[in-house]
Amino acid sequence: VSGLKTEPPPFKVLVAEDSRPNQMALKRMVSKHGAVVTVVADGSEAVDLVVKQGARFNLALFDLNMPIMGGVEALRLIRQASIDMPIIAISACIDDAQLQSLTDEGFSMVTTKPLRVTTC
């Protein structure tokens, strides 16, 4: 059928963040740019979605310090499953040594809270 316009697939973002206000702020900020956002409360839920259930995302934002499983451990498990998606680490405070360590760990980018639209 010619002449039909096909919409590009949605840009899907996974947010793993335990703070409800931060979840809402991140979802609002990212979805404002047209992305479809899925929010989970900790790294184990992110790993379950991506590794066990096979959900695919174009980008992930992981808080580093969450109950049950933090962002670093979730990143390791996702990478061990050979899943390659950009994952951005988010933390309230990061020094230069932590920045290098997180980059070495495999995070695509590291940023601090609060996020600003110019950060994204």
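Scroll up a little and you will see the structure.
Residues numbered from 1 in each chain as written. Predicted model: local features only at pLDDT ≥ 70, side-chain atom pairs only at ≥ 80, totals over all residues. Heavy atoms only, no water.

A.B. asks: I keep staring at the overall build of the chain and nothing clicks. Help me out?
C.D. replies: Tallying secondary structure elements over the chain gives 4 helices and 5 strands in all. Starting at the N terminus and walking to the C terminus, you meet the elements of the chain as β-α-β-α-β-α-β-α-β. The C-alpha atoms of the chain give 15 Å as radius of gyration, which agrees with the globular expectation for 120 residues (14 Å, within 12%). Projected onto its principal axes, the C-alpha positions of the chain cover 55 × 30 × 25 Å. A separation of at least 24 residues holds for 62% of the contacts in the chain among residues at least 6 apart in sequence. For the chain, the exposed area adds up to about 7200 Å²; of that, 53% sits on carbon and sulfur atoms. (Helix = DSSP H or I, 4+ residues; strand = E, 2+ residues; numbered from the N terminus. Rg over C-alpha atoms; globule rule 2.2 N^0.38 Å. Contact = heavy atoms within 4.5 Å. Areas by Shrake-Rupley, 256 points an atom, 1.4 Å probe, with all protein chains shown as cover.)

A.B. asks: Explanation requested: the sheet that holds strand β5 (residues 109-112) in the structure shown.
C.D. replies: Two pairing modes exist for strands in a sheet, parallel and antiparallel, and in both the strands are linked by backbone hydrogen bonds. Pairing within the open sheet is parallel, and its 5 strands lie in the order β2-β1-β3-β4-β5. One side of each edge strand has no neighbouring strand; the edge strands of this open sheet are β2 (36-40) and β5. Averaged over all adjacent pairs, the angle separating strand axes in this sheet is 20°, with direction ignored. Note that strand β3 (residues 59-63) and strand β4 (residues 87-91) share 4 bridges and pair parallel. (Pairing = 2+ DSSP bridges. Axes fitted to C-alpha atoms, helices over the stretch in contact; angles between N-to-C directions.)

The values are spatial; any link to function lies outside them.
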